[in-house]
Amino acid sequence: PPAEAATDQEFLRRVTLDLTGRIPTASDVVNFLTDPRPSAVKRAEWIEQLLETSEWADKWAMFFGDLYRNTLNTPHLPRYQPGRDAYHYYILDSLRENKPYDVMARELITGTGNNFEVGQANFPLGGRTTGGPVQDTYDTQAVDVATIFLGIGHLDCIMCHDGEGRLDALSLWGARAKRPEALGMAAFFARTDLGRVPGTENNRAWLITDSTSANRNYQLNTTTGNRPVRRAINGRTFLSPVYPFGGGAPNPGENWREAVARLVTSDFQFARAAVNYIWKELMVIGLVEPPEQFDPLRLDPNNPPPAPWTLQPSNPQLLDALARNFIQSEFNLKALMRDITMSRAYQLSARYPAADWKADWERYYARKLVRRLDAEEIHDAVVLSSGVMGGYVIAGFREPRIDFAMRLPDVVGMPGGVGSQFLDSFIRGNRYDDDRRSDVTILQALNLMNNTFVYNRTRNVAGTRVNQLINQSNDAVVDQLYLHALSRYPTLAERDTALRELATGTRANKVEDLAWSLYNKVDFVFNY
């Protein structure tokens, strides 16, 4: 049984954070709550407004920057700042244009050119794998495409060995998959070259090109590297490209990466994986979980798997309906997000009688699940509510000043020291081998209480929200601080407590204390 519908106040903060990474302003809250129109009307209108903001593009550029693993350096890849920045702006500009998602995917898979100048060239470059033969890089490039665009991360396992006896408990498809099938996917990248660009900043830029030689194939002739040996199969010493998820190969004369991009984006699984990633971001738990471990043989409700296997999605009909709608919208990300945020499931209350709740109902979204805000969202909520901007400068970056963390191009490091340490405490990961997480830790609580990034913004000094409100009435101070920090009015009990405190002691100190306390309330760092 589902929860009640979320209140207008709950919905406003929830959807504003989910679509833009920002909390609503105090005036947004007041205007929305006093709007006399039916909730359905003003909610639909607010969603449309959010989808057209620059903040929407910033939020989702951060999301896709994580998904596409855009960062300065990894042990295998020195991308350097110009490459990182070009990649970031490719993603950001694509979102600002509302570029169809299948077009983005094809451009990324086929990215060619100088990675300092052509942002999408950084996607195939991300597959660079050292310590072995070039086939290791082809394998990683294929795994990146399958994981990110199809949600089938188990292909990485099949690149080394047949799945039988190894993936039996994890994936029905994986248990049946053979290594040559996976290598057939890697063969699509066998004509892709990664080299340095002479004369560019100490030869640091990378040039991604495609060989036109008909003799370039995936060779089965390696004995060292990151993967097991590659030996001839039935006397054949190379493999030609074959799409392992339903078949398909390059057309005569077709560029091999363009062929795999065509096959991937025309695969229904491409749409399934995309909507599941977005569903998880907006609904906390994916319809398939984890979102990069789809099992292709356990997805079709009209063709269920043999016992003891069960269908993998918690709601396969919904997953397929969302995927079909996504295709029909011509892979419009805004249309997909509109579908989800307008749904009854998204607009349920997070509140549910504790005595009645069962944990296994989470997979069925009987209430709106609560999530801890991302590091950048918490940082920006402090900035926006306090009125004191960030003012960070990244040398060589296209934007001379960055006030909001959601506009940063990376999750590694940050000018200013204090801001970086604060963000890192909320586990933003490194976009390589340490994923972003939503764990709650003591260090986070200590940062909210004691970090000068927060503490200085609660002082009665020029420019802070406290200083702007200090001469208003106690009632106005309480209302405004709650509206700015928590996007709501205080409850009666909260108001009584705050007013009682403001009536004693040094007033400026008491207003500062109230502002500080709101950043340390549980509901400041959670989206509910």
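Rules of the game
Residues numbered from 1 in each chain as written. Predicted model: local features only at pLDDT ≥ 70, side-chain atom pairs only at ≥ 80, totals over all residues. Heavy atoms only, no water. Patch = residues over 30% accessible without salt bridge, like charges linked within 9 Å, V, L, I, M, F, W, Y side chains within 5 Å. Areas by Shrake-Rupley, 256 points an atom, 1.4 Å probe, with all protein chains shown as cover. Salt bridge = Lys/Arg side-chain N within 4 Å of Asp/Glu carboxyl O. Helix = DSSP H or I, 4+ residues; strand = E, 2+ residues; numbered from the N terminus. Buried < 20%, exposed > 50% of the residue type's maximum accessible area, 1.4 Å probe, protein only. 1 Å grid on protein atoms, 1.4 Å probe; cavity = no way out; pocket = protein on both sides within 12 Å on 5 of 7 lines; lining within 4 Å. Points joined across faces, edges and corners; volume = space filled by probe spheres on them. Nonpolar A, V, L, I, M, F, W, Y, C, P; charged D, E, K, R; others polar. Expected span 1.5 Å × (residues − 1). Polar contact = N/O pair within 3.5 Å; in protein donor to acceptor, adjacent residues only side chain to side chain. Pairing = 2+ DSSP bridges. Phe/Tyr/Trp six-rings, centres within 6.5 Å; stacked < 30°, edge-to-face > 60°. Contact = heavy atoms within 4.5 Å. Axes fitted to C-alpha atoms, helices over the stretch in contact; angles between N-to-C directions. Parallel < 35°, antiparallel > 145°, perpendicular 65-115°, else oblique. Left-handed = near helix turned anticlockwise from the far one by under 90°.

Q: What am I meant to see in a nonpolar patch on the surface here?
A: Together, Ile 442, Leu 443 and Leu 446 make up a nonpolar patch on the protein surface, roughly 300 Å² of accessible area in all. By secondary structure assignment, the location of Leu 443 is in helix 18 (residues 442-450). According to the relative accessible area criterion, Leu 443 is partly exposed, its value standing at 44%.

Q: What exactly am I supposed to notice about empty space enclosed by the protein here?
A: A probe as big as a water molecule, rolled over the atoms, marks out the empty space that is left. Summed over the entire model, instances satisfying the criterion amount to one cavity of 30 Å³ or more. Considered as a void within the structure, the largest cavity measures approximately 70 Å³ in volume. Lining the largest cavity, in full, are Ser 385, Ser 386, Arg 457, Arg 465, Val 466, Leu 481, His 484, Ala 485, Ala 515, Leu 518 and Tyr 519. Elements supplying a minimum of two residues to the lining of the largest cavity: helix 16 (375-386), helix 20 (465-469), helix 21 (474-486) and helix 23 (507-519). For the lining of the largest cavity, the residue count by class is six nonpolar, three polar and two charged.

Q: Hey, could you run me through helix 13 (residues 268-283) in this one?
A: In an α-helix, one turn spans 3.6 residues; hence positions three or four apart end up facing the same way. Its 16 residues place the ends of helix 13 22 Å apart at the C-alpha level, agreeing with the 22 Å of an ideal helix rising 1.5 Å per residue. Within helix 13, 14 of the 16 residues are buried, which leaves it mostly tucked inside the rest of the structure. The N-cap of helix 13, judged by a side-chain oxygen 2.9 Å from the amide nitrogen of Gln 269 a few residues on, is Asp 267. Val 284 sits one or two positions beyond helix 13 and adopts a positive phi of about 80 degrees.

Q: Can you walk me through the sheet that holds strand 2 (residues 192-196) in this structure?
A: Either a parallel or an antiparallel arrangement is found when strands of a sheet pair, and the pairing is made through backbone hydrogen bonds. Pairing is antiparallel across the open sheet formed by three strands, whose spatial order is 1-3-2. Each having just a single partner strand, strand 1 (113-114) and strand 2 make up the two edges of the open sheet. Where strand 2 meets strand 3 (residues 206-210), five bridges bridge the pair, whose relative direction is antiparallel. Opposite Asp 193, over in strand 3, you have Thr 209 as the bridge partner.

Q: Even after reading the chapter, I still don't get the packing of aromatic side chains, so can you show me in this structure?
A: Summed over all chains, the structure comprises 26 aromatic pairs. Both rings, one in Tyr 352 and one in Trp 357, keep their centres 5.0 Å apart while their planes meet at 65 degrees; by these two values the pair is edge-to-face. Taken as a pair, Tyr 352 and Trp 357 share a single burial class, namely buried. Joined through ring pairs, the aromatic side chains of Trp 60, Phe 63, Phe 64, Tyr 68, Tyr 101, Phe 123, Phe 149, Phe 270, Phe 326 and Phe 331 make up one cluster.

Q: How should helix 8 (residues 134-150) be read in this particular structure?
A: In a regular helix each residue adds 1.5 Å, so 17 residues correspond to 24 Å; helix 8 covers 24 Å between its end C-alpha atoms and thus fits that length. By the criterion of burial, helix 8 is predominantly enclosed, with 15 of the 17 residues buried. At the exit of helix 8 stands Gly 151, carrying a positive phi of roughly 70 degrees.

Q: Hey, could you run me through the pattern of salt bridges in this one?
A: Pairing between side chains of opposite charge can happen when the charged atoms of each approach one another. For the coordinates displayed, the defined rule picks out 46 salt bridges. Residue Arg 43 pairs with Asp 8 through a salt bridge whose shortest N-O separation is 2.9 Å. With Arg 43 in helix 3 (residues 39-51) and Asp 8 in helix 1 (residues 8-20), the pair connects residues that are 35 residues apart, well separated along the chain. The pair formed by Arg 43 and Asp 8 is uniform in burial state, with each residue classed as buried. Where Arg 227 meets Asp 139, a salt bridge forms, and the shortest distance between an N and an O atom there is 3.6 Å. Highlighted residues: Arg 227 in the loop between strand 4 (218-219) and strand 5 (238-239) and Asp 139 in helix 8, separated in sequence by 88 residues. Classification of Arg 227 by relative accessible area gives buried; the value is 12%. Here the residues in one salt-bridge network are Asp 18, Lys 59, Glu 281, Arg 371 and Glu 377, joined through shared partners.

Q: Hey, could you run me through the side chain of Glu 377 in this one?
A: Locating Glu 377 in the fold gives a position in helix 16. Within the local environment of Glu 377, its side chain forms a polar contact with the side chain of Arg 371, the two groups lying 2.8 Å apart. Of the polar contacts made by the side chain of Glu 377, one reaches the backbone nitrogen of Asp 374; its length is 2.8 Å. Once you skip the residues sitting within four places of it in the chain, Glu 377 turns out to touch Leu 17, Gly 21, Lys 59, Arg 371 and Met 406.

Q: Help me understand the environment of Phe 116 in this model?
A: Mapped onto the secondary structure, Phe 116 falls in the loop between strand 1 and helix 7 (122-125). The sequence separation of Phe 116 and Pro 82 amounts to 34 residues, and the corresponding C-alpha distance is 5.1 Å.

Q: Quick question: what am I supposed to make of unusual backbone geometry here?
A: Negative phi values dominate among residues other than glycine, just as trans dominates among peptide bonds. Residue Pro 290 is reached from Glu 289 by a cis peptide bond, and omega for that bond is -5 degrees. Within the fold, Pro 290 resides in the loop between helix 13 and helix 14 (316-328). Phi at Ile 427 is positive, roughly 55 degrees, even though this residue is not glycine. Note that Ile 427 resides in the loop between helix 17 (418-424) and helix 18. Positive phi outside glycine occurs at Arg 431, with the angle close to 65 degrees. Along the polypeptide, Arg 431 turns up in the loop between helix 17 and helix 18. Exposure remark for Arg 431: the relative accessible area of 4% places this residue in the buried category.

Q: Any chance you could explain the packing of helix 1 against helix 2 (residues 26-34) here in plain terms?
A: For any two helices packed against each other, the geometry comes down to the angle between their axes and how far apart the axes lie. Viewed as axis vectors pointing N to C, helix 1 and helix 2 meet at an angle of 140 degrees, and their least axial separation amounts to 10 Å. For the element pair helix 1 / helix 2, the angle class is oblique. Taken as a pair, helix 1 and helix 2 cross one another with a handedness that is right-handed. The segment helix 1 lies against helix 2, with Asp 8, Gln 9, Phe 11 and Leu 12 engaging Asp 28, Val 29, Phe 32 and Leu 33. Tallied by class, the residues present in the contact of helix 1 with helix 2 amount to five nonpolar, one polar and two charged.

Q: Sorry, what's going on with the side chain of Arg 495 here?
A: Mapping Arg 495 onto the fold places it in helix 22 (residues 492-502). When sequence neighbours within four positions are dropped, the list of residues in contact with Arg 495 reads Asp 475, Val 478, Asp 479 and Pro 490.

Q: When you look at the environment of Arg 128 in this model, what are you seeing that I'm missing?
A: Inspection of the secondary structure assignment puts Arg 128 in the loop between helix 7 and helix 8. Here Arg 128 falls in the partly exposed class, since its relative accessible area comes to 24%. Spatially, the C-alpha atoms of Arg 128 and Leu 194 are 7.9 Å apart, while their sequence positions differ by 66 residues. With sequence-adjacent residues up to four places away left out, Arg 128 is seen in contact with His 76, Leu 77, Pro 78, Thr 137, Leu 194 and Trp 206.

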